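Close look at the chain arrangement
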Amino acid sequence: MALLHNLGFPRIGSQRELKFALERFWRGEASPAELQSTAADLRKAHWQLQSQLDLVPVGDFSLYDQILDMSFTLGNLPDRVTRLEGSELDNYFRVARGRSVNESSLTCVHAGEMTKWFDTNYHYIVPEVTEETAFNLNPERLLSQFSEAQQQGLNAKPVIIGPVTYLWLCKEKDQSQRLQLLDKLLPAYQLLLDKLVDAGAEWVQIDEPALVMDLERDWQQAYEKAYALLSKSRAQLLLSTYFGELRDNLQLAVNLPVAGLHFDAVRGLDEVDLLCTTLPEEKVLSLGVIDGRNIWKTDLNAVLNWLEPIAQQLQDRLWIAPSCSLLHVPVDLDQETDFDPEVINWLAFAKQKLAELSLLGTAINKGRAAVAEALENNNQAIQSRKSSQRVHKPEVKAAVDCITAALGKRQSSYKKRAELQSALLNLPAYPTTTIGSFPQTAEIRKARLQHKKGRLSEERYIELMEAEIKRAVDEQEKLGLDVLVHGEAERNDMVEYFGQQLDGYVFSQFGWVQSYGSRCVKPPILFGDISRPEPMTVRWTSYAKSLTDKPMKGMLTGPVTILNWSFVRDDQPRRESSLQLALAIRDEVLDLEAAGVDVIQIDEAALREGLPLRQGDWTTYLDWAVECFRITANGVKDATQIHTHMCYSEFNDIIDSIAQMDADVITIETSRSDMELLDVFEEYEYPNEIGPGVYDIHSPNIPPVEQMVKLMQRAAERIPAERLWVNPDCGLKTRNWDEVIPALKNMVTAAERLRGAS
Ligand code: GLN
Ligand code: ZN
């Protein structure tokens, strides 16, 4: 009998109950007990949904972040909070977000750094370590949730982050080496496992996703050492890897002395056979056969075709599960009342994925005949997606087939273009501009909502948006900026806005996925071949352009960013989807140019996010990502100036690709790093123009003129002044006008000073 289990469930709640409870608590409107009771209700509801499984995960729930939870379990908190008064919950939120309830900006401490969890869009709180770090087990949270689950009659399986992955995720705050802490760390894990066994746990899921990364020899040895020790525990360990193949860590993983291994058989399907033949005979093999990273229905018959022989071979040693925690998909498709009826039949969110798992389990354990009807329904859904004319459009595929290298090539070199652009635009030295959005005021959001609900006519909505655009243009004129923007008033989100106007996209009402803490995102769903029925931005940009004699920059989101922030197709390579997007946005670029827009910015905010986990795979990704950008951007005339913007500035390892994009101007996020990150642009001799963000838009503070002048002077030490632009770090939509105007005024003054000085 194959055993069924799950690795983790989304905790935010189908109605984002956790988000709202947290935010009430942080505002001081709910007590700790009320927050904990919502949390317990959610755990109960989620366990209920999983109760048909043989083993149910416990400890995957978190009030903010599971890595932060593990840091608390291990007693690894930064000194800056252990000294403070208050409860453990106060300290928890201090590390999570810099402050607990009712703490003002005066008393706040700096929050733990947040970074992306492997290649997902989930962000965890980076544990901090120093040479002095000691670990002090605090198992209470886990033990109490374990007993909570037991009381509810569940067969509970505690879930923890394994010691090597935990250290891998840590960041040293001094000169120490985090791996040196392993000896100090392991006793805490031994103790924890003992406590769990004493509480009645048989199996413990110990997550070690670092095994799918490139590991140096010392990290591989750390695995051997750690598990040699932990194998002495009475707990049966299910060592869990996910998000990729094991490759050069495969032998290591199969030979660690644990009772079972979980493996992501969606992303690592090609390694399954090897795993089956090399895994020692006494071990359980848990195969993650349902995609925990995407929202498509599983082709159950196809999975059974390859899984049945393995089940025959492994018998009781086979477990089946989703590929990874379901944290990365929305909770429940059944809530969607307003969904495209054809497409909804192709999807599965977390709850539906559990049902798929049960079905597969029955088919494996009792034979397909026991669930023949359900399998047939699944098959019909899969076939209807495969043959749908809304998914497959010959004309789109033909257009992609016709792509040639010439499509991604500008007519002339940057040098020649720059001359023509400079003659046309007539900009001063150190030209000033912004990244695109201006404040999304309450009125704008209200108008958008009313319009969406049909309570505001199209005409009136357009009038209101045009009034906002006019306001933004007038303000920019008054400020004396050089290259203006329309302000993006009409856009809710830089990806959704385009997705909604492209054929091939659908949107859910409640498809929320946790991004960090209480913040959720609702990624658009790219389901079919992409086409652009009509221009998307031209009317707004043209209107803005008609209001000024200054150059007006048209604003678009690039194909790679649209792709990286969507749920994407699993029936074709990402490159293919991206090329389709590139052709659609290219048409928009050309329409803007035809409408007389001489400066066009194509944001690739998320290009870096798409980098594969293994460095050996980077070139392939970067090659097609750059290819897509070039196809989008480079069909314009020499005199048209192409900008791109990226929300980061670590370019050391990808500078070559950034240069190959061949944008005339790139604006990036640098103000917080004191321009040091620009070194790479100097060493590499980046050939085109750069706008290193001179102030941090994430902060409400007004940047002083002096500070921005200094930053730009530092930039000018690295990049010739004639190729520098002056601009903020990112878009201004989250700020209000009272912050934006004085900040930009100072920025323009700073540019004037720089011109005077040069
Ligand atoms: N043009 C977008 C804006 O200004 C860019 C946002 C981003 O980089 N994330 O809002
Ligand atoms: Zn940005």
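The structure contained in this document is the topic of the report that follows. Here, residues in each chain are numbered from 1, in the same order as that chain's written sequence. Whichever chain is written first is A, and whichever ligand is written first is 1; the rest continue in order. Only residues with pLDDT of at least 70 get local features here, since the model is predicted, and only at 80 or more are side-chain atom pairs given and counted; chain-wide, interface and lining totals rely on the full set of residues. In computing side-chain values, all of the structure's heavy atoms are included and hydrogens and water are not.

Some remarks on the site of ligand 1
Near residues are defined by distance, with any heavy atom within 4 Å of the molecule or strand qualifying the residue. As a matter of local geometry, ligand 1 sits amid Ile-435, Gly-436, Ser-437, Glu-488, Met-494, Met-555, Asp-603, Ala-605, His-645, Cys-647, Cys-730 and Gly-731. The definition of a polar contact used here is a pair of N or O atoms within 3.5 Å, where within protein one atom must be able to donate a hydrogen and the other to accept one, and adjacent residues in sequence count solely through side-chain atom pairs. In this structure, Glu-488 approaches ligand 1 through a side-chain N or O atom, which is 2.9 Å from a nitrogen atom. In this structure, His-645 approaches ligand 1 through a side-chain N or O atom, which is 3.1 Å from an oxygen atom. Here the Shrake-Rupley method, with its probe set to 1.4 Å, supplies the accessible areas, and only the displayed protein chains count as covering residues. Coverage of ligand 1 by the protein amounts to 91% of the 300 Å² it exposes when considered alone. For the shell around ligand 1, a count of residues per class yields six nonpolar, four polar and two charged. Each residue gets one label: Ala, Val, Leu, Ile, Met, Phe, Trp, Tyr, Cys and Pro are nonpolar, Asp, Glu, Lys and Arg are charged, and the others, such as Gly, are polar.

Things to note about the packing of aromatic side chains
Paired rings are identified among Phe, Tyr and Trp, the last through its six-membered ring, by centres lying within 6.5 Å, and are further divided according to the angle between planes into stacked (under 30 degrees), edge-to-face (over 60) and tilted (the rest). In total, this model carries 20 aromatic pairs according to the counting rule given. Ring geometry for Trp-26 against Phe-93: centres 5.5 Å apart, planes inclined by 85°, an arrangement best described as edge-to-face. You can see Trp-26 sitting in helix α1 (residues 17-26) and its partner Phe-93 sitting in helix α5 (residues 88-97), a full 67 residues away along the chain. The same class applies to Trp-26 and to Phe-93, which are both buried. Here Tyr-223 and Tyr-227 contribute two aromatic rings whose centre-to-centre distance is 6.3 Å and whose plane-to-plane angle is 15°, an arrangement assigned as stacked. On the criterion of helical spacing, the pair formed by Tyr-223 and Tyr-227 is a turn pair, its members being four residues apart in helix α9 (residues 217-230). The pair Tyr-223 / Tyr-227 is uniform in exposure class, with both members buried. One residue, Arg-97, lies across the ring of Trp-26, its end atom 3.8 Å from the ring centre. Runs of H or I in DSSP of at least four residues are treated as helices and runs of E of at least two as strands, each being numbered from the N terminus. Relative accessibility thresholds used throughout: buried, under 20% of the residue-type maximum; exposed, over 50%; partly exposed, between the two (1.4 Å probe, protein chains only). Lysine NZ or arginine CZ positioned within 6 Å of the ring centre and within 35 degrees of the ring normal marks a charge as sitting over the ring.

Looking at the sheet that holds strand β6 (residues 156-161)
Where strands meet in a sheet, backbone hydrogen bonds hold them as pairs that are either parallel or antiparallel. Between any two strands, at least two bridges found by DSSP are needed for them to pair. Ordered by their spatial adjacency, eight strands build an open sheet running β1-β12-β11-β10-β9-β8-β6-β2, and the pairing between neighbours is parallel. Two strands bound the open sheet, and with one partner strand each, they are β1 (3-4) and β2 (56-58). Direction of pairing for strand β10 (residues 260-264) relative to strand β11 (residues 284-290): parallel, over a ladder of five bridges. Bridged to Gly-260 within β11 is Val-284. Across the sheet, helix α6 (residues 140-151) lies against β2 and β6, angled at about 160° from β6, the strand it touches most. The criterion used for residue contact is that any of the two residues' heavy atoms lie within 4.5 Å. Helix axes use the C-alpha atoms of the stretch in contact, all axes being lines fitted to C-alpha atoms, and the angles between their N-to-C directions lie in the range 0 to 180 degrees.

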